[in-house]
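Topology and contacts: notes
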Amino acid sequence: MKRKRIAFVTYSLGIGGVAKVLTNLLNSIDYSKFEVDLFVADEAPGFDESLPCQVSIHYIGSFISFWPRIKNDIIHFRVGDCFYILFWRFLRIFHSFGSDKWEYLCGKMLSNYRSKTNYDVIISFHGCIDLMHRFVRFSLVGERKILWVHGNIGANHNHQLLNSFDQIVCVSKDTEKWFLSEYPENVGKTQVLYNVIDVNEIIVKANETADDMQTKGISIVSVGRMTEEKGFQMIPQIARKLMDEGYLFDWYLVGNGPLSCSIQQECDYKHVPCVHLLGAKMNPYPYMKNCTLYVQPSYTEGFCTTTNEAKVLCKPIIVTDVPGMREQFEHDVNGYIVPSATVDEIYKAVKYMLDHEEVRNRYVQYLQEHPMDQQENVRAIQDFLMQ
């Protein structure tokens, strides 16, 4: 049987949720059925070394090999390729200043570049970045073009651009419902496919040592990007309220992002030395495994990967009632769902869980008796790609 030729397009493989989901997906599929090219815009290190050897990675406008490639193209009079690399280099500079107009202009200019490969399936995997969608639309040639939506991507995207995709994959039913409410012209094109996680990898890596986690008593862990939507900026205030009531604990935040400095400043200002910002970790699982309680204080999600990873490790989990969570959790059965993402509500939930060890033990027992099976999700994704 001839293998399907598939192109995935993403912005970055740097440590983050979308990159991790993509890595899990690429490590789960059967390469006797698929031949995969991966196009990446940004060269931030992260999960690139975790990809299977069968995946061919192509960096768009490589920074590391920028000058050698330009020199080589000039020598061999490949003016088109030379222009394309220069164009991407300038794009990265202007993108760092947040210029949407430049992103739009550069995306339109991508029509000057065409891949020589004709793909069976092309997937724009980073659903919230129009630039990647433009690259898929104008630069890659294929029979099916698919947009992968990981959550609330906002309502200000180019409708004509999104409508050009043949199919839309949403990572949860809540995400599909939201997407169709904002882009109703895509009714009939959507399909829900849940994120894949590598259960065996999580269990094995969780046995490694977390040297900077020294807690002997109560420990709380939260893993994610330090961005507004993840809600980590509430943690210093929640921790302060718990400290004022006499609770002794350590709260470890694993991840980095634009809010890291302000969260640390808030911890210093409120005198909460029990909150520890550890930065991004390629392996967050030892922190999850060794915690008393896992907390995900998100304002919004699509289908949260880290909470599923915490479920694999059978931890007591607190989540907020945001999209995708009720597809992962049943309140007070396998986790605690906070009704709203506020300081007071999350504080009450953490306080309740710390006060009731029997509840934590009940959640753990349920998760142990109902281990996660990812085979159905893997089959669903492979069947979809084989269509």
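One structure accompanies this document, and this report is about it. (Residues numbered from 1 in each chain as written. Predicted model: local features only at pLDDT ≥ 70, side-chain atom pairs only at ≥ 80, totals over all residues. Heavy atoms only, no water.)

Let us look at helix α12 (residues 305–312). Here α12 lies mainly inside the structure; 8 of its 8 residues are buried. Looking at α12, one finds that the buried residues are Thr305, Thr306, Thr307, Asn308, Glu309, Ala310, Lys311 and Val312. Looking one or two places after α12, you find Cys314, whose phi comes out positive at around 55 degrees. (Buried < 20%, exposed > 50% of the residue type's maximum accessible area, 1.4 Å probe, protein only. Helix = DSSP H or I, 4+ residues; strand = E, 2+ residues; numbered from the N terminus.)

In terms of nonpolar packing, the biggest core is built from 33 residues, with Trp251, Val275, Ile318 and Val350 touching the most fellow members. Sort the elements by how many residues they give to this core and helix α13 (residues 343–355) lands first, with 7 residues. Residues Ile29, Phe34, Phe125 and Val378 belong to the second largest nonpolar core, which totals 30 residues. (Core = buried A, V, L, I, M, F, W, Y, C linked by side-chain atoms within 4.5 Å.)

Under the definition given, this model contains 2 cavities of 30 Å³ or more. In this structure, the second largest cavity spans a volume of roughly 30 Å³. If you trace the second largest cavity, you find it lined by Val21, Leu25, Trp148, Leu193, Tyr194, Asn195, Val196 and Ile381. (1 Å grid on protein atoms, 1.4 Å probe; cavity = no way out; pocket = protein on both sides within 12 Å on 5 of 7 lines; lining within 4 Å. Points joined across faces, edges and corners; volume = space filled by probe spheres on them.)

Evaluated as defined, the whole model comprises 15 salt bridges. Between Lys205 and Glu201 there is a salt bridge, with its nearest N and O atoms 3.1 Å apart. With Lys205 and Glu201 both in helix α8 (residues 199–205) and 4 residues apart, the pair spans about one turn of that helix. The partly exposed category is assigned to Lys205, whose relative accessible area is 25%. The salt bridge partner of Glu301 is Lys230, with a shortest N-O separation of 2.8 Å. Of this pair, Glu301 sits in the loop between β11 (293–296) and α12 while Lys230 sits in the loop between β8 (219–223) and α9 (235–244), and the two are 71 residues apart along the sequence. This pair shows no difference in class: Glu301 is buried, exactly as Lys230 is. Salt bridges sharing common partners tie together Arg3, Arg5, Glu35 and Asp37. (Salt bridge = Lys/Arg side-chain N within 4 Å of Asp/Glu carboxyl O.)

Taken as a whole, the largest pocket encloses approximately 1200 Å³ of empty space. In terms of lining, the largest pocket is formed by 45 residues, of which the most central are Gly16, Gly17, Val18, Arg225 and Lys230. Contributions of two or more residues to the lining of the largest pocket are made by β1 (4–12), α1 (17–28) and α12. For the lining of the largest pocket, the element with the highest residue contribution is α1, accounting for 5 residues. Along the lines of polarity and charge, the residues of the lining of the largest pocket split into 18 nonpolar, 19 polar and 8 charged. (Nonpolar A, V, L, I, M, F, W, Y, C, P; charged D, E, K, R; others polar.)

The next subject is the sheet that holds strand β12 (residues 317–320). Within the open sheet, the 6 strands sit side by side as β10-β9-β8-β11-β12-β13. Their pairing is parallel. With partners counted over all chains shown, the strands left at the sheet margins are β10 (275–279) and β13 (336–338), one partner each. Pairwise comparison of adjacent strand axes, ignoring direction, gives a mean angle of 20 degrees for this sheet. Note: β12 against β13, 3 bridges, orientation parallel. Along β13, the bridge assignment pairs Val319 with Ile337. In the packing of α12 onto the sheet, the strands contacted are β8, β11 and β12, and the crossing angle to β11 comes to about 165 degrees. (Pairing = 2+ DSSP bridges. Axes fitted to C-alpha atoms, helices over the stretch in contact; angles between N-to-C directions. Contact = heavy atoms within 4.5 Å.)

One way to put it is that α13 packs onto helix α14 (residues 357–369) with a least axis distance of 5 Å and a crossing angle of 90 degrees. With respect to α14, the axis of α13 lies roughly perpendicular. Taking contact as the criterion, the partners of Tyr352, Met353, Leu354 and Asp355 in α13 are, on α14, Glu357, Val359, Arg360 and Tyr363. (Parallel < 35°, antiparallel > 145°, perpendicular 65-115°, else oblique.)

For the rest of this paragraph, the subject is the pairing of strand β5 (residues 141–149). Note that strand β4 (residues 118–124) and β5 share 6 bridges and pair parallel. Bridging from a neighbouring strand, Val121 pairs with Arg144 of β5. As paired strands, β5 and strand β6 (residues 167–170) are joined by 4 bridges and run parallel to one another. The residue bridging Val149 from the neighbouring strand is Cys170, located in β6.

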